[in-house]
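# Inside the fold
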Amino acid sequence: MTLTHDAWPPLPLEPWQDTMETLHLWTQIVGKVRLALTPWANHSWHVTLYPGARGLTTGPIHHPHGTFEIEFDFRRHHLAVVTATGEAPSFALEGLSVAGFYQALMVVLDNLGLSVEIWPRPVELSDPITPFPDDHGHAAYDPEAVARYWQALLSIHRVLGVFRSRFLGKVSPVHYFWGASDLAVTRFSGRTAPRHPGGAPNCADWVMEEAYSHELSSAGFWPGAGLGEAAFYAYAYPEPSGFRTAQVEPAAAYYHADLGEFVLPYEAVRTAAEPDATLLAFLQSTYVAAAELGHWNRAELEFGADRLPAR
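Attention in this report is confined to the structure presented alongside it. (Residues numbered from 1 in each chain as written. Predicted model: local features only at pLDDT ≥ 70, side-chain atom pairs only at ≥ 80, totals over all residues. Heavy atoms only, no water.)

### Topic: the overall build of the chain
Threshold: Under the DSSP-based scheme used, a helix requires at least four consecutive residues in state H or I and a strand at least two consecutive residues in state E, with every element numbered from the N terminus. In this setup the radius of gyration rests on C-alpha atoms only. A globule is expected at 2.2 Å times the number of residues raised to 0.38. Using a 1.4 Å probe on the protein chains alone, a residue whose accessible area is under 20% of its type maximum counts as buried, one over 50% counts as exposed, and one in between counts as partly exposed.
Within the chain one finds 7 helices and 12 strands. Radius of gyration (C-alpha) of the chain: 20 Å, near the 19 Å computed for a compact globule of 311 residues. In terms of principal-axis extent, the alpha carbons of the chain reach across some 55 × 50 × 40 Å. Per-residue burial for the chain yields a buried fraction of 52% across its 311 residues.

### With respect to the packing of helix α1 (residues 13-37) against helix α2 (residues 98-111)
Applicable threshold: To obtain an axis, a line is fitted to C-alpha atoms, over the contacting stretch when the element is a helix, and the angle between two such axes runs from 0 to 180 degrees between their N-to-C directions. Working definition: roughly parallel below 35 degrees, roughly antiparallel above 145 degrees, roughly perpendicular at 65 to 115 degrees, and oblique for all remaining angles. Helix crossings are classified by the rotation of the near helix relative to the far one: an anticlockwise turn of less than a right angle makes the crossing left-handed, while a clockwise turn makes it right-handed. Contacts are assigned to residue pairs that have any heavy atoms within 4.5 Å of one another. The residue classification treats Ala, Val, Leu, Ile, Met, Phe, Trp, Tyr, Cys and Pro as nonpolar and Asp, Glu, Lys and Arg as charged. All others, Gly included, are polar.
Put simply, α1 and α2 touch, their axes get as near as 10 Å, and they point 25° apart. Classified by the angle their axes make, α1 and α2 are roughly parallel. Two packed elements cross with a definite hand, and for α1 against α2 that hand is right-handed. Contact residues: α1 offers T22, L25, W26, I29, V30 and V33, while α2 offers V98, F101, Y102, L105, M106 and L109. Of the residues contributing to the contact of α1 with α2, the split by class is 11 nonpolar, 1 polar and no charged.

Quick look at the structure:
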């Protein structure tokens, strides 16, 4: 595909951190609507959002009174609820607090006959937290920063999709988890894992126990919360002996002891001569470390270039 000059735009955290935090909470509200109406899928895959041609979307949600999807349109900077009957009411994002967004979305759903109740509190965020209907403090929205973030998500989605395609075993979609605000893809060895200890803030331990029920190697992207900069990450669960000292690529990647994950700054990818290849090297080398040290059956799980079907 032909890429634009801003396929990997700059994402300095400080100028848009307030917007990022507001957007994170908005995605939690939308994600919880999907959660409330969607049958459970393993590892919470039923709750995620997906990058799309205009922003982020839930994909189809089936309500007793009809099918709809919710879309963050980062071209027009609107939130739209699109129904299978052709209705598509929307409202502008700029100028809304979290409380205002919550109320506006619930009114739209009520007016469409698609009413839903959600647990109105953020998850995976440390206390103190404010319920969505009462949060008037988070109200920042910088359209240009959000547009850059969306463009970055599209580029990252493309590369993660290439990486995902090289695996024959159980592998997740490339999807956006609104709990931690990360775009991720996860590969599985096929073996069960030790019980996860849980401990995610404001999230039931059983959620993490189910999410990490099987051995995995996961990688993804954070916009910056907790690290001070946008970055890619990769980890294994359970972490095999020797993983944290493994040699991975590129040189800018490092093991973050507090997180228990390899980290690669987004800026190192963005400014590389070949950003796609640089990110793929990180994804592949961290996976190989997890798979080799964890004794995965790589011969049966991987889909090498020599085994790709003819086009």
